[in-house]
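The residues making up each chain are set out below.
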Amino acid sequence: MKMQASTLNDDYDNPLITIEEDEEAREEDLWFLPGPLEEEPDDLPPGPRAEPPDTAVIEDWAKAEGVHAARLARVAGRLGALDDRLLRGPEGWRQRLALIEAADLSWFAGDRVSSDRLALWISMRLSGAQDDPNALARVGWAVRRLTGGPGPKADLAGFLDRRDPKNIKNSAERFEDRAGGWLDVMTAATDLHLITRACMGFHLWSLAGLGQHGDQIEAAVTASRIAASDGNGAVFAPLAMGGAGGLRVSGLPTERLALWLDGMNSAILTAMRTLDDIEAWTGRAENVMAQLSGRTPVALRRVFAEWPLVSAPMAEATTGASRAAVQRNLSWMEARGLIHEVTGQGRFRMWRIDN
């Protein structure tokens, strides 16, 4: 039988072809396949970058909270002391602090509603020709939200008195969706302290599309309610009484939280001093007015404890006393050094307590 020639390589002088070389040779024969990605030039324009999730910012604020842990503890302690004092004090103290805070917030936001104008608007809906009705409405809303009612956590749109119109287009962005996105981030930040969470919410307000009206009062009032939401006496945490430095929107979360804590600390101290003055004046007024009979003197003391400035028509409306009784008691209190007139005019006079 004739043997067939062997197909094997019998030349021992040539090295054997390795498996790797054999595979490379076969890959080179596949000329119709594209080359490796790294060898091709990248001529495509850069596409949009993936946005971080809304809750990614919480980590930055958690780091800021860790940096300022000691300062945060001091401010939280002072807020707790204010809460306890308001819990044991008369109801009128909360209103007085709310009026002062709302007036100071209006100056921060550019509305510049003075405390006397605000008192007249809240008590009697009186305004002058020079007053901006929209500004008064905004500050009046702030007073109502700072004195009580449900907080922003359950229904932010209801808290802000802002609702989507019924005939809104399907393609339009709904306010309730933006408010819901903001609330989702706040809910996800439950591990943060309430004061830190309030600061974060204030600075995320515009980014969430909630500040399209340019109204910083809404953001500040919402944050102040969140910061005090665990309290029983203080409805809100003061932010603007000692100046609005804590509401500045510049810098990284660490810098913003530091400013926030300093501003809140100053505002709380201002609120405590205000309550000290009111408490001292009330005790002195009770001693001086002990000789007076009737319900008008007692009602007037309560009015001056609740309102920063009081006019005769305002006192008449809030106490239910006659104009003559109010005027007589105001003159008596002014003569005894309990109150002093601040307008310096014959008409539309207003008084404040004299410490």
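Bear in mind the structure is a predicted one, so any value in this text is a computation, not a measurement.

Definitions and cut-offs
Residue positions are given per chain, counting from 1 as you read along its sequence in written order. Thresholds applied to this predicted model are a pLDDT of at least 70 for local features of residues and 80 or more for the giving and counting of side-chain atom pairs; totals over whole chains, interfaces and linings are not thresholded and use all residues. Values shown for side chains rest on all heavy atoms present in the structure; no hydrogens or waters enter the calculation. Secondary structure elements follow DSSP: runs of H or I of four or more residues count as helices, runs of E of two or more count as strands, with numbering from the N terminus. Think of it in three bands: with a 1.4 Å probe and only protein chains considered, a residue is buried below 20% of the maximum accessible area for its type, exposed above 50%, and partly exposed in between. The protein chains shown are the only cover counted for residues, whose accessible areas, like all others here, come from Shrake-Rupley with a 1.4 Å probe. By convention a nonpolar core is built from buried Ala, Val, Leu, Ile, Met, Phe, Trp, Tyr and Cys residues, the set being connected through side-chain atoms within 4.5 Å. Basic side-chain nitrogens of Lys or Arg form a salt bridge, by our definition, when they fall within 4 Å of a carboxyl oxygen of Asp or Glu. Between any two strands, pairing holds if DSSP finds at least two bridges. Note on ring pairs: Phe, Tyr and Trp rings are taken, using the six-membered ring of Trp, and paired if centres are within 6.5 Å. Classes follow the plane angle, with under 30 degrees stacked, over 60 edge-to-face and the rest tilted. Contacts are residue-level and defined by heavy atoms, with any inter-residue pair within 4.5 Å sufficient. Here an axis means a line fitted to C-alpha atoms, over the contact stretch when the element is a helix, while the angle between two N-to-C directions is reported on a 0 to 180 degree scale. Put simply, angles under 35 degrees are roughly parallel, angles over 145 are roughly antiparallel, angles from 65 to 115 are roughly perpendicular, and the rest are oblique. Gly is put with the polar residues, along with every residue not named as nonpolar or charged; the nonpolar set is Ala, Val, Leu, Ile, Met, Phe, Trp, Tyr, Cys and Pro, and the charged set is Asp, Glu, Lys and Arg. In a helix, the anticipated span is given by 1.5 Å times the number of residues less one. Note that the arc is computed from the directions linking the helix axis to the C-beta atoms.

## A look at the overall build of the chain
Logical step 1: Within the chain, the secondary structure is distributed over 14 helices and three strands.
Logical step 2: For the chain, the residues scored as buried account for 41% of the 355 residues in total.
Logical step 3: Split by element, the accessible area of the chain, about 20,400 Å² in all, is 52% carbon and sulfur.

## Topic: unusual backbone geometry
Logical step 1: Phi is positive for Arg112, close to 55°, though the residue is something other than glycine.
Logical step 2: Tracing the backbone shows Arg112 in the loop between α4 (91-109) and α5 (115-124).
Logical step 3: Residue Arg112 is classed as exposed on the basis of its relative accessible area, which comes to 58%.
Logical step 4: A positive phi angle, near 60°, is found at Asp161, a position not held by glycine.

## Things to note about the nonpolar core
Logical step 1: Grouped together as the largest cluster of nonpolar side chains are 93 residues, with contacts concentrated most on Trp182, Ile195, Met200, Trp260, Met264, Phe304 and Met333.
Logical step 2: Ranked by residues supplied to this core, first place goes to helix α11 (residues 253-288) with 11 residues.

## A look at the pattern of salt bridges
Logical step 1: The tally for this structure, following the rule as stated, stands at 11 salt bridges.
Logical step 2: The residue Glu91 makes a salt bridge to Arg94 at a minimum N-O spacing of 2.7 Å. Of the two residues, Glu91 and Arg94 are both situated in helix α4; the distance of three residues between them amounts to about one turn of the helix.
Logical step 3: On the basis of relative accessible area, Glu91 is assigned to the exposed category, the value being 56%.
Logical step 4: Sharing partners across several salt bridges, the network here consists of Arg85, Asp276 and Glu279.

## Regarding the pairing of strand β3 (residues 350-353)
Taken residue by residue, a regular strand's side chains alternate between the two faces of the sheet.
Logical step 1: The sheet contact formed by strand β1 (residues 310-311) and β3 spans two bridges and is antiparallel. The partner of Ser311 across the bridge, within β3, is Met350.
Logical step 2: Pairing between strand β2 (residues 339-341) and β3: three bridges, direction antiparallel. Across the sheet, the residue bridging to His340 is Arg352, located in β3.

## Some remarks on the packing of aromatic side chains
Logical step 1: In total, this model carries four aromatic pairs according to the counting rule given.
Logical step 2: Judged by centre distance (5.5 Å) and plane angle (45°), the ring pair of Phe202 and Trp260 falls under tilted. Here Phe202, found in helix α9 (residues 194-203), pairs with Trp260, found in helix α11; they are 58 residues apart in sequence, far enough to count as distant.
Logical step 3: Overall, Phe202 belongs to the buried group, its relative accessible area being 6%.
Logical step 4: Owing to a relative accessible area of 1%, Trp260 belongs among the buried residues under this scheme.

## As for the side chain of Arg145
Logical step 1: Here Arg145 lies in helix α6 (residues 133-147).
Logical step 2: The contact partners of Arg145, leaving out residues within four places of it in the chain, are Gly158, Phe159, Asp161, Val221, Arg225 and Val235.

## Section: the packing of α6 against helix α10 (residues 216-227)
Any two packed helices are characterised by how steeply their axes cross, that is the angle between the axes, and by the distance between the axes.
Logical step 1: Contact geometry of α6 with α10 gives a least axis separation of 10 Å together with a crossing angle of 5°. Classified by the interaxial angle, the pair formed by α6 and α10 is roughly parallel. Along the contact surface, α6 presents Arg138, Val139, Trp141, Ala142, Arg145 and Leu146, while α10 presents Ile217, Glu218, Val221, Ser224 and Arg225.

## Side note on the sheet that holds β3
Remark on secondary structure: sheet strands pair via backbone hydrogen bonds, oriented parallel or antiparallel.
Logical step 1: The strand order β1-β3-β2 describes an open sheet built from three strands, whose pairing is antiparallel. Each end of this open sheet is capped by a strand with a single partner; those strands are β1 and β2.
Logical step 2: Contacting β2 and β3, helix α14 (residues 323-335) runs over the sheet at an angle of about 105° to β2.

## Here we look at the environment of Gln216
Logical step 1: Relative to the helices and strands, Gln216 is located in helix α10.
Logical step 2: Taking relative accessible area as the criterion, Gln216 reaches 33% and is therefore assigned partly exposed.
Logical step 3: Sequence spacing of Gln216 and Leu105 is 111 residues, and the spatial spacing of their C-alpha atoms is 8.5 Å.
Logical step 4: The contacts of Gln216, once residues within four sequence positions are left out, are Phe108, Ala109 and Phe202.

## So, the packing of helix α3 (residues 69-88) against α4
Logical step 1: The N-to-C vectors of α3 and α4 enclose an angle of 130°; their axes lie 7 Å apart at closest approach. Judged by the angle between their axes, α3 and α4 are oblique. Between α3, through Leu82, Arg85, Leu86 and Leu87, and α4, the contact on the second element is made entirely by Trp93, Arg94 and Leu97.
Logical step 2: Looking at the contact of α3 with α4 residue by residue, the classes come out as five nonpolar, no polar and two charged.

## Looking at α14
Logical step 1: The first and last C-alpha atoms of α14 sit 18 Å apart over 13 residues, in line with the 18 Å expected at 1.5 Å per residue.
Logical step 2: The set of residues buried in α14 consists of Ala325, Val326, Asn329, Leu330, Trp332 and Met333. Buried residues of α14, viewed axially, fall in a sector of 165°; they line one side. Among the exposed residues of α14, those pointing more than 90 degrees away from its buried face are Ala324, Arg328 and Ala335.
Logical step 3: Contacts from the buried residues of α14 go to α11, α12 (296-306), α13 (312-319), β2 and β3.
Logical step 4: Immediately beyond the C-terminal end of α14, within one or two residues, lies Gly337, with a positive phi of roughly 80°.

These results come straight from atomic positions and should not be treated as a statement about function.
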